[in-house]
Amino acid sequence: NGEVIKIFMRDRAEEYGTVQVWSNDPVRGELVLSAKEEHLYVSSTIKVTYIPVQTCNDYKDCQSCMKSRDPYCGWCVTEGKCKRKSACSRAEEKNHWLWSFSNECVSIVGVDPEFLSIEEDHPKVLFTTNLFPDVSDDDKVLCKFGDDKAQLEPDAYNNTHVSCLPPRSAKIPPTTGSEDYVLVPVELFLQTPSHSIMVTSANYTFYNCSAAMSLFENTPCISCVGSKWKCQWNQKDHRCVQPTSSDQNSIQAEENCPQFFNTTPLTPLSVDHESRINFEGKNLGLYEGKSFIVGNKDMKFRAPLETEGNTYYFTTEKFSLSSSESVPLLFYIEEGESKNKIDSVLNVTLYNCSYGRNDCSKCLAANTEYQCVWCDVAGHQVCVFTESCKTKKYDDCPTPTITKITPNSGPLGGGIFVTISGYNLGRKADDIENITIANIPCEFERKLYSVSDRIVCKTGNANAPTTGGARVTINPEKTGFSDVMFEYREPVVDGIQPNKGICDGGTNITISGTNLNTASMDDVSVSLGGVNCSIIHFGDEIICVTGKMNDSLKEGGYSFKMQYGNSIIETDIKFTYKPSPVIRSINPNGSFASGGRNITVTGEGFSAVSHSFMEVHTIPTSRRRRKKRSLTSVVKTAAVRTDGDSTVIFSSPTIAHNPDESIVSVYVIMDGFSDIIPSSEEGNAYYFKYHPDPVFESYNESNIQGNSVISVKGSGLSSAMTSEEAEVYVGDKRCSKQTLTDTSLFCELSVQDIEALSSTKDTPLFKVKFGNRIWVLGKVMFASPVPLNVILPLIIIPMVAIIFIAVICYRRKSQQAEREYEKIKSQLEGLEESVRDRCKKEFTDLMIEMEDQTNDVNEAGIPFLNYKTYTDRVFFLPSKDGENDVMITGKIDIPESRRQAVENALNQFSNLLNSKLFLTNFIHTLEGQKEFSAREKVYFASLLTVALHGKLEYYTDIMRTLFLELMEQYVAKNPKLMLRRSETVVERMLANWMSICLYSFLKDSAGEPLYRLFKAIKHQVEKGPVDAVQKKAKYTLNDTGLLGDDVEYSTLTVNVFIQGDGAEVTPVKVLNCDTVSQVKEKIIDQVYRNVPFSQRPKSETVALEWRPGSTGQILSDLDLTSITEGRSKRLNTLKHYNVQDGTTLVLTKAVLTQQQEDHQQDIYSERNALLEDDSKTWHLVRPADEVDESKSKRGSLKEKERTKAITEIYLTRLLSVKGTLQKFVDDFFQSVLSSNQVVPPAVKYFFDFLDEQAEKHGIIDEDTIHIWKTNSLPLRFWVNILKNPHFIFDVHVHEVVDASLSVIAQTFMDACTRTEHKLSRDSPSNKLLYAKEISAYKKMVEDYYRGIRQMVQVSDQDMNTHLAEVSRAHTESLNTLVSLYQLYQYASKYYDAIINALEGDPASQKMQLAFRLQQIAAAVEDKVTDL
């Protein structure tokens, strides 16, 4: 079945998993391990693949890792991952790697004290653990209660014991609902020098005595002292207090509680009678002289409590009870003045005699405690409480009354159950003394008896047919007779049809005869040779379905038998079992999803089949198309006809789902025989496959041109259809001949049909019918017929005139052409020679570059940014303050004297943000302000992301809520525009959410190919000249950044000595046309290639010294030797200083000698003086205005045109660079757009969310869903990272490199759109550059989206677990407090609008959200308010 089974071989073989390699193809037995034994090669008859021997990384927590029982896997405690032992860094240390077969994770097994009060601060809590990993001197143990993380003291850890300081009472969450305690998560962390990881967790209990008194509403004191927390009751203050209290007013035992108890009478209360209830009280000394009120909430009853000596009592009223027979009544008692409840255990039962007792027998059969009597009230007899009956009471019930007998007939042999219905049929089963039906005894069935209204008995044997009523005698000697009759009769069978069927059963047999509807269906059975035939219809004719023939029986004729109760009907009728059908072939072997194609099944044994069906089961693999109630869709069609014993024809059923996105199973069902049809030809004698419906080009906006042959275009047209089966119509005329290919459909019309269609007033429609589906493709326009005597003059006369004029013009122009030819030939030869030389040079450069490229890129490592720097750059670097943004610097301007107060207020603000109601109101209010710009929305969303980073599950919930609101807006207008821009807070929240969730994916998967692409572009750009002023390069992908002049240059290798770093000399490749600053940058890149950019010296902080002789010379971009041409100064290059290949240069860092310092100061002074001059600077290409001016003086117009034409030749360099970088571009696209590799769970989760919402809103346009996904991931995240590698890497992106990255980013964007780009000679070079590859990239995107849709879904629980891990790992490093302060600035700026919105919302009013914000504002801004 395409599976590979995993077995662990030790003392016994143990299966621990399976891998589904293919859905239909069997796996061959030859399994081969790879050289490193990390993969297993698996083959079928036609293909080979490989699978990993272990998938430890799939198990995200220790429990699932242990449950996997995978011998390769174990839980790496210090990394928090399921891994192989060899991959766990500290596996050899004790308890750092737990094998899955140990089936035990690190856990907390004991705690002291067991629980603490929520209302007081406490000392440390001691946790006892098992399997805690060994801790080295460099490690620390941390613990965390909820969101409060505290580092333990050095002696707080001792092997298996960890001592933690619990949070202060103010930080413990309050109890909720009917609970008197709250469970706070406790996590134990192991902090190593490199990271911190959660080792184990548990819940710790904090109790609340104040809540304990409310557990039982009517007994606050008993509820308090009876709690497991041993709370005490302070009766003076009427509250539940901590067990440490020694107040004399405190009560510690239930028996000492003031309470009312011992109700009398103990009998139930009737609803229609007022009763006095007496009871006692104790421990009421504190309430002496007080008045009390007794009541019940459900009955809305309140009455004063009376006293009589030592007895308390109250009188009930008449209650209403119509929904049940009885209910318990719990009475509360409260002290009249204070309204405090005193413990009350006054419980009585309230009942209603008349409920469900509509006759005498049922009334007198009621529980004697209820004292119900059958009473005459106002001329009607009813069941009431005895004291409520003021008239006649009946102690005896009337004679039984029989109203119905079911069934009303039975066989002479008896043995069937008959139900006698009526009323007053006895109070209990013992009352039934005798039953007869038609004067024949009927045996009473005690277990089926129902008081008063139903008696069931089994009929006896009758000697002859007879008819009579039922008679029932009950004690004492009361007999009831029925008016309805029961008939004893004998059924007779005349015949069956058909009299044969297949061994598999399933044949419907119709039985005909007389009195067949005797008794009921449950009393009748049918058998064929001992095989049961299940009855499906019972009446004048009986229909039953044959069962499968027993293995002990053989094909042939078997006797037919029926049984009614004890009567057996045997006949001479025989039923013949035939062999099971055999299917030999199916033709045609495919159908479109819309169905309706005639499918011929051939074989043998079909003539014995009574009903044949083709049944199709579809299970969508796409989550978006799954139905919530049933995943499997089943459709079937009956056979169109059966021809003899060997042929049956079906019409293929219509299936609702795309077969490419579903598991489709096709069955041929013949009575009880069922055969699943294979879906592929491989190794099968026959098969059948469903194909997606074809797609035709629409001609609704343009007419189809009508000729004798009409053609339309499409795709997949012939995958499940032939030209003979297709029906094509033009108007009401069917094509006389039609030809069908996979992409085209040709319709040929007769001359008569064309004439008829041309003469009609209405434009005919072009319609195509494939099976059940009809496509109306558009209108067909036929040209109106024109008479031949009109056509000939209109054609011949103009042709003669044109020929005559052409001859004259030709003779006149030919002479002029000869003169121009020689001139153009000369120009072309010069141009051809120029092109030839340039192409040869470019080709040589390309070959050299391709040879060196890979080695150069592989030299350096990958300098990933840490999580905080990454989020700072993604979230806040694009802000208006850039690197100086307060979120990046982490500095907020708060006076030190107020810092603690502000921080406390901001923590309260954080709690307020954790209220979903407040946060959604906050966001909606801000977005409703006209002054709240798009830039502010982006910045606000980023602040919110940091502030809520500790609770990413909650952040995701808020994002989903806002996103659903956004979707409602766009679905109502234009859904394709959703997510196109970041115009709302939630759109930026989504971008940030993707950035957070994909950080690990960047580091583990996509980061390496992206870094290689960046380094390859940088390397390629720097191999050729780069104009330092115009920012243009010889080698680039961007035509606007292409250096348009042929600059002469040569490559130099200079030996660089770093002053102060020893005697080591580093060879560095530079160009003689490089400026001094460019040389410095290349030297720093080479010397510090393994050092992140942020830790390298900057080019402006170092000096470059050349020592050609005894004295050194400081090189500079501008100095007194700089050359001035026209109005511009040229930047100094190595060629300017005449630096030669092999020259030694000295790079001087901060430390300089006094002489060097003075010299350098002079150089800087010179440079500053030069820069203060009004003159411009240039490097490789002079300013355009000066060049044009020069040309106007020296060159002719023809020379300018020739120069411009030759400039276009440099565009071939774009192709050169593209070819060099192609592999790196492909590798990056593959890493990002391949669903066969690791797909981040966030991508699957959010894409499924979009699919679900599309289905919910009835959006079936795939283009719309494609746009949503593209806007949410590729364009919102990947393009941003691709254009800004410094967001994830510690690198510097030069403007020229950025220009090439922009071209690749644009290609990435084009690949993610479904719009076809029409290219022409006028299209931008950037578009033309990747025109060939764009179709392959588009298919890659489509496959990526399709692959994600078919993956196993990521549940909310799995996603929340992943988000919690991210929160736990990184929140501590972020500037959370700064983000809260910045968010508060928005709350302050729009304070009035926010307060008004909260006060106008009833739910917010209930939670006092406006009041809480006012308190926070007062604390932050140090204002005295009326609060």
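About the criteria used
- Along each chain, numbering runs from 1 in the same order as the chain's sequence is written.
- Note on the predicted model: pLDDT of at least 70 is required for a residue's local features to be given, and 80 or more for side-chain atom pairs to be given and counted; whole-chain, interface and lining totals, by contrast, use all residues.
- Based on all heavy atoms of the structure, the side-chain values leave hydrogens and waters out of the count.
- Only DSSP runs of H or I reaching four residues or more are called helices, and only runs of E reaching two or more are called strands; each is numbered from the N terminus.
- Residue exposure (1.4 Å probe, protein chains only): buried if accessible area is under 20% of the type maximum, exposed if over 50%, otherwise partly exposed.
- Residue contacts are defined here by distance: any two heavy atoms, one from each residue, within 4.5 Å place the two residues in contact.
- To measure how exposed things are, a 1.4 Å probe is used in the Shrake-Rupley method; for residues, cover is taken only from the protein chains shown.
- When DSSP finds at least two bridges between two strands, those strands are taken to pair.
- We define the nonpolar core as a collection of buried residues of types Ala, Val, Leu, Ile, Met, Phe, Trp, Tyr and Cys that are connected through side-chain atoms lying within 4.5 Å of one another.
- What a helix should span is 1.5 Å times the count of its residues minus one.
- To get the bend at a given residue, fit one axis to the seven residues ending there, fit another to the seven starting there, and take the angle between those axes.
- Throughout, a disulfide means two cysteine sulfur atoms within 2.5 Å of one another.
- Note on ring pairs: Phe, Tyr and Trp rings are taken, using the six-membered ring of Trp, and paired if centres are within 6.5 Å. Classes follow the plane angle, with under 30 degrees stacked, over 60 edge-to-face and the rest tilted.
- Working rule: Lys NZ or Arg CZ, within 6 Å of ring centre, within 35 degrees of ring normal, means a charge sits over the ring.
- Here an angle of 0 to 180 degrees is reported between the N-to-C directions of two axes, which are lines fitted to C-alpha atoms, with helices fitted over the stretch in contact.
- pLDDT measures the predictor's confidence residue by residue and takes values from 0 up to 100.
- Within this document, salt bridges are pairs made up of a side-chain nitrogen of Lys or Arg and a carboxyl oxygen of Asp or Glu, the two lying within 4 Å of each other.
- Exposure above 30% relative accessible area and no salt bridge define the residues that can form patches, which grow by joining like charges within 9 Å and nonpolar side chains of Val, Leu, Ile, Met, Phe, Trp and Tyr within 5 Å.
- Any angle from 65 to 115 degrees is called roughly perpendicular, while one under 35 is roughly parallel, one over 145 is roughly antiparallel, and all others are oblique.
- The handedness criterion is simple: a crossing whose near helix is rotated anticlockwise from the far helix by less than a right angle is left-handed, and one whose near helix is rotated clockwise is right-handed.

Draft legend 1. The overall build of the chain, seen in detail. A count of helical and extended segments in the chain gives 30 helices and 76 strands. Going through the 1427 residues of the chain one by one, you find that 45% of them count as buried. For the chain, the proportion of contacts with a sequence separation of at least 24, taken over those separated by at least 6, is 64%. Put simply, the chain shows about 73000 Å² of open surface, and 49% of that area lies on carbon and sulfur atoms.

Draft legend 2. Seen up close, the sheet that holds strand β73 (residues 1124-1125). Taking strand neighbours across the sheet as the criterion, the 3 strands line up as β73-β74-β76 in an open arrangement whose pairing is mixed. Either end of the sheet is taken by a strand with one partner, and the two such strands are β73 and β76 (1176-1178). Across 3 bridges, the pairing between strand β74 (residues 1128-1130) and β76 is parallel. Its bridge partner lying in β76, R1130 is registered against W1178.

Draft legend 3. Representation of the nonpolar core in the model. If you look at the biggest cluster of nonpolar residues, it comprises 139 residues, and the most contacted ones within it are F909, L913, F922, F940, F963, W993 and W1278. Looking at this core element by element, the count peaks at 11 residues for helix α14 (residues 999-1022). Once you skip the residues sitting within four places of it in the chain, L913 turns out to touch F918, L919, F922, A947, L948, Y954, L1380 and L1383. The next biggest cluster of nonpolar side chains, apart from the first, holds 32 residues, and it includes L116, C164, I197 and Y204.

Draft legend 4. Molecular detail of helix α19 (residues 1212-1232). Between its terminal C-alpha atoms α19 stretches 29 Å, which fits the 30 Å expected from 21 residues at 1.5 Å a residue. By the largest-angle criterion, L1221 marks the main kink of α19, which is about 55 degrees.

Draft legend 5. Summary view of the environment of V666. Summarising the element assignment, V666 is placed in strand β55 (residues 662-670). Along the primary structure V666 and H617 are separated by 49 residues, whereas in three dimensions their C-alpha atoms are 6.5 Å apart. Contacts of V666, omitting those with residues within four sequence positions, involve M614, E615, V616, D675, I676, I677, F688 and Y690.

Draft legend 6. Up close: the state of the cysteines. Considering all chains together, one arrives at 14 disulfides under this definition. Linked covalently through their sulfurs, C375 and C389 form a disulfide whose S-S length is 2.0 Å. Between C375 and C389 the disulfide shows an S-S torsion of about 85 degrees. By sign, it is right-handed. With C375 in strand β30 (residues 372-377) and C389 in the loop between β31 (380-385) and β32 (393-394), this pair connects stretches of sequence that are 14 residues apart. Shown here is the disulfide that connects C735 with C747, its sulfur atoms set 1.7 Å apart. Here C735 and C747 share a disulfide; its torsion about the S-S bond, -95 degrees, makes the bridge left-handed. You can see C735 sitting in the loop between β62 (733-734) and β63 (737-740) and its partner C747 sitting in strand β64 (residues 744-748), a full 12 residues away along the chain. Residue C735 is classed as buried on the basis of its relative accessible area of 7%. A relative accessible area of 1% places C747 in the buried class.

Draft legend 7. Molecular detail of the packing of aromatic side chains. All told, the structure shown has 63 aromatic pairs when counted by the stated rule. Grouping aromatic residues by their ring pairs yields a cluster made of F260, F279, Y287, F292, F301, Y312, F314, F319 and F331. The ring of F613 carries K636 above its face, with NZ or CZ at 4.5 Å from the centroid. Stacked on the ring of F1224, the Lys or Arg K1223 has its end atom at 5.9 Å from the ring centre.

Draft legend 8. Geometry of the sheet that holds strand β8 (residues 97-99). Spatially, β7-β6-β8 is the arrangement adopted by the 3 strands of the open sheet, whose pairing is antiparallel. The sheet terminates laterally at β7 (81-83) and β8, the two strands that pair on one side only. Within this sheet the neighbouring strands show an average axis-to-axis angle of 30 degrees, counted without direction. Inspection of the sheet shows strand β6 (residues 74-76) paired to β7 by 3 bridges, in the antiparallel sense. Residue pairing for β7: C76 is matched across the bridge by K81.

Draft legend 9. Fine view of the confidence of the model for the chain. On average, residues of the chain score 85 in pLDDT, and 88% of them are at 70 or above. Confidence drops under pLDDT 50 across residues 1151-1157; counting only partners more than four residues distant or on other chains, this segment forms 6 contacts.

Draft legend 10. Molecular detail of the pairing of strand β12 (residues 140-145). Within β12, 5 of the 6 residues are buried, which leaves it mostly tucked inside the rest of the structure. When β12 meets strand β16 (residues 181-191), the two strands line up antiparallel, connected through 6 bridges. Each residue of the ladder has a partner; that of V141, found in β16, is L190.

Draft legend 11. Expanded view of the side chain of T316. Relative to the helices and strands, T316 is located in the loop between β27 (311-315) and β28 (326-335). Not counting residues within four places of it along the chain, the set of residues in contact with T316 comprises L269, H273, E274, S275, I277 and F301.

Draft legend 12. Region of interest: the pattern of salt bridges. As enumerated under the stated definition, the model contains 47 salt bridges in all. R90 is the salt-bridge partner of E93, the closest N and O atoms lying 2.9 Å from each other. The partly exposed category is assigned to E93, whose relative accessible area is 32%. Classification of R90 as buried rests on a relative accessible area of 16%. The partner of K916 in a salt bridge is D957, and the shortest N-O contact between them spans 3.1 Å. Taken as a pair, K916 in helix α10 (residues 916-927) and D957 in helix α12 (residues 952-972) lie far apart in primary sequence, 41 residues in all.

Draft legend 13. Looking closely at a nonpolar patch on the surface. Together, V32, Y41, V48 and Y50 make up an exposed nonpolar region whose accessible area comes to about 420 Å². Topologically, Y41 is positioned in strand β4 (residues 39-43). Taking the relative accessible area as the measure of exposure, Y41 reaches 38% and is therefore partly exposed.

Draft legend 14. The arrangement of the environment of F1247 in detail. Structurally, F1247 is set in helix α20 (residues 1241-1256). A relative accessible area of 0% places F1247 in the buried class. On a C-alpha basis, the gap between F1247 and Y1345 in space is 8.5 Å, while along the polypeptide they are 98 residues apart.

Draft legend 15. The arrangement of unusual backbone geometry in detail. Along the chain, D112 connects to P113 via a cis peptide bond; the corresponding omega equals -5 degrees. Positive phi outside glycine occurs at K300, with the angle close to 50 degrees. Mapped onto the elements of the fold, K300 is located in the loop between β24 (292-296) and β25 (301-304). Relative accessible area serves as the criterion here: at 75%, K300 is assigned to the exposed category. Positive phi, normally seen in glycine, also occurs at N439, with a value near 65 degrees. With respect to the helices and strands, N439 occurs in the loop between β36 (432-437) and β37 (440-444).

Draft legend 16. Layout of the pairing of β24. For β24, the buried fraction is high: 4 of the 5 residues fall into the buried class. Note: β24 against β28, 4 bridges, orientation antiparallel. Paired with G295 across the two strands is Y332, which belongs to β28.

Draft legend 17. Here's a closer look at the packing of α14 against helix α22 (residues 1274-1283). One can describe the packing of α14 onto α22 by two numbers: an axis separation of 11 Å at closest approach and a directional angle of 45 degrees. Considering their axes alone, α14 and α22 lie oblique with respect to each other. Both α14 and α22 take part in a crossing whose hand is right-handed. Note on element contacts: α22 touches α14 through F1277, W1278, I1281 and L1282, opposite F1001, L1002, A1006, L1010 and L1013.

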